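# Residue-level structure breakdown
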Amino acid sequence: MDTKAMFKFSSGLYVVSAQEGDDYGACVINTGLQLTSTPLQVEVVVNKQNHTEGVIEKAGHFALTAITEEADMPYIGRFGFRTSTDFDKFADIERAETCLGDPYTPACAACVIACEVVQKLDVGTHTVFVGEVKDAEVLSDAAPMTYAYYHSTLKGKTPPKASSYVAE
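What comes next is a walk through the structure. (Residues numbered from 1 in each chain as written. Predicted model: local features only at pLDDT ≥ 70, side-chain atom pairs only at ≥ 80, totals over all residues. Heavy atoms only, no water.)

### Looking at the pattern of salt bridges
Rules: Any carboxyl oxygen of Asp or Glu within 4 Å of a side-chain nitrogen of Lys or Arg constitutes a salt bridge here. Summary of the burial criterion: residues with accessible area below 20% of their type's maximum are buried, those above 50% are exposed, and those between are partly exposed, where the area comes from a 1.4 Å probe applied to protein chains only.
Here the structure, examined in full by the defined rule, presents 6 salt bridges. A salt bridge links Lys 134 to Glu 132; the shortest N-O distance between them is 3.4 Å. The exposure class of Lys 134 is partly exposed, given its relative accessible area of 41%. A network of salt bridges, in which partner residues are shared, links Glu 116, Glu 132 and Lys 134.

Here it is, written out as structure tokens:
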């Protein structure tokens, strides 16, 4: 089987984040998607081993930002290759909060969407969270980063916790 076929799916790169009390987390995902328009809902898929997954579970809400092509590998590494358990992903970077209290950074973000979890689905290694959109804001006119751009231009790799990871 040619597992590189999975890279042909069109998707973006996003930071999903949540906060519950003093606990917060953020991670990079490539599975953010609008599901419906009435009500306006999006889905995110988060690995159960990510600290952020547990925070979303407890909080019942999340922020989703679409990463722009302005982002470099250190930016993606900050949110994607470190754990919120022992690294403050919002240290020394501009931080804002959604109407639901979830942290996000406007840096390298095309938009931010605030969602309240209305459904979740256990899909083995990951949890699918369906969120009803409570607020949304365009933050930049820069082009959103696609997963294809991440692979071809930034030469990024798919980490084992990604929903699109397939072992060779």
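### Quick look at the side chain of Ser 84
Worth spelling out the cut-off: To qualify as a helix, a DSSP run of H or I must reach at least 4 residues; to qualify as a strand, a run of E must reach at least 2; elements of each kind are numbered from the N terminus. Any N or O atom pair separated by 3.5 Å or less is treated as a polar contact, with the protein-specific requirement of one donor-capable and one acceptor-capable atom, and with residues adjacent in sequence counted only for side-chain atom pairs.
Its place among the elements puts Ser 84 in the loop between helix 2 (73-80) and strand 6 (96-97). Reaching out from Ser 84, the side chain makes a polar contact with the backbone nitrogen of Ala 26 at a distance of 3.1 Å.

### A closer look at the nonpolar core
Inclusion rule: In plain words, nonpolar cores are sets of buried Ala, Val, Leu, Ile, Met, Phe, Trp, Tyr and Cys residues tied together by side-chain atoms within 4.5 Å. Here, residues are in contact when the closest pair of their heavy atoms is within 4.5 Å.
Val 16, Ile 29, Val 44, Val 46, Ile 56, Phe 62 and Leu 64 are the most contacted members of the largest nonpolar core, which has 18 residues in total. Every element with two or more residues in this core is listed here: strand 1 (14-20), strand 2 (23-29), strand 4 (40-47), helix 1 (51-59), strand 5 (61-67), strand 8 (109-122) and strand 9 (126-138). Not counting residues up to four positions away in its chain, the partners in contact with Ile 29 are Gly 12, Leu 13, Tyr 14, Val 16, Val 44, Val 45, Val 46 and Leu 64. Counting residues in each nonpolar core, the second largest holds 14 residues, with Leu 13, Val 15, Tyr 75 and Phe 90 among its members.

### Re helix 2
Of the residues making up helix 2, those classed as buried are Tyr 75, Ile 76, Gly 77, Arg 78 and Phe 79. Two or three places before Tyr 75, at the opening of helix 2, Asp 72 has a side-chain oxygen 3.0 Å from that residue's backbone nitrogen.

### Some words on the side chain of Lys 89
Selection rule: By the counting scheme adopted, Arg and Lys are positive, Glu and Asp are negative, and His together with the chain ends is not counted.
Within the secondary structure, Lys 89 is located in the loop between helix 2 and strand 6. In this structure Lys 89 is buried but unpaired, with Asp 86 as the nearest side chain of opposite charge at 8.3 Å. Only 3.0 Å separates the side chain of Lys 89 from the backbone oxygen of Phe 79, close enough to count as a polar contact. A polar side-chain atom of Lys 89 sits 2.7 Å from the main-chain carbonyl oxygen of Arg 82.

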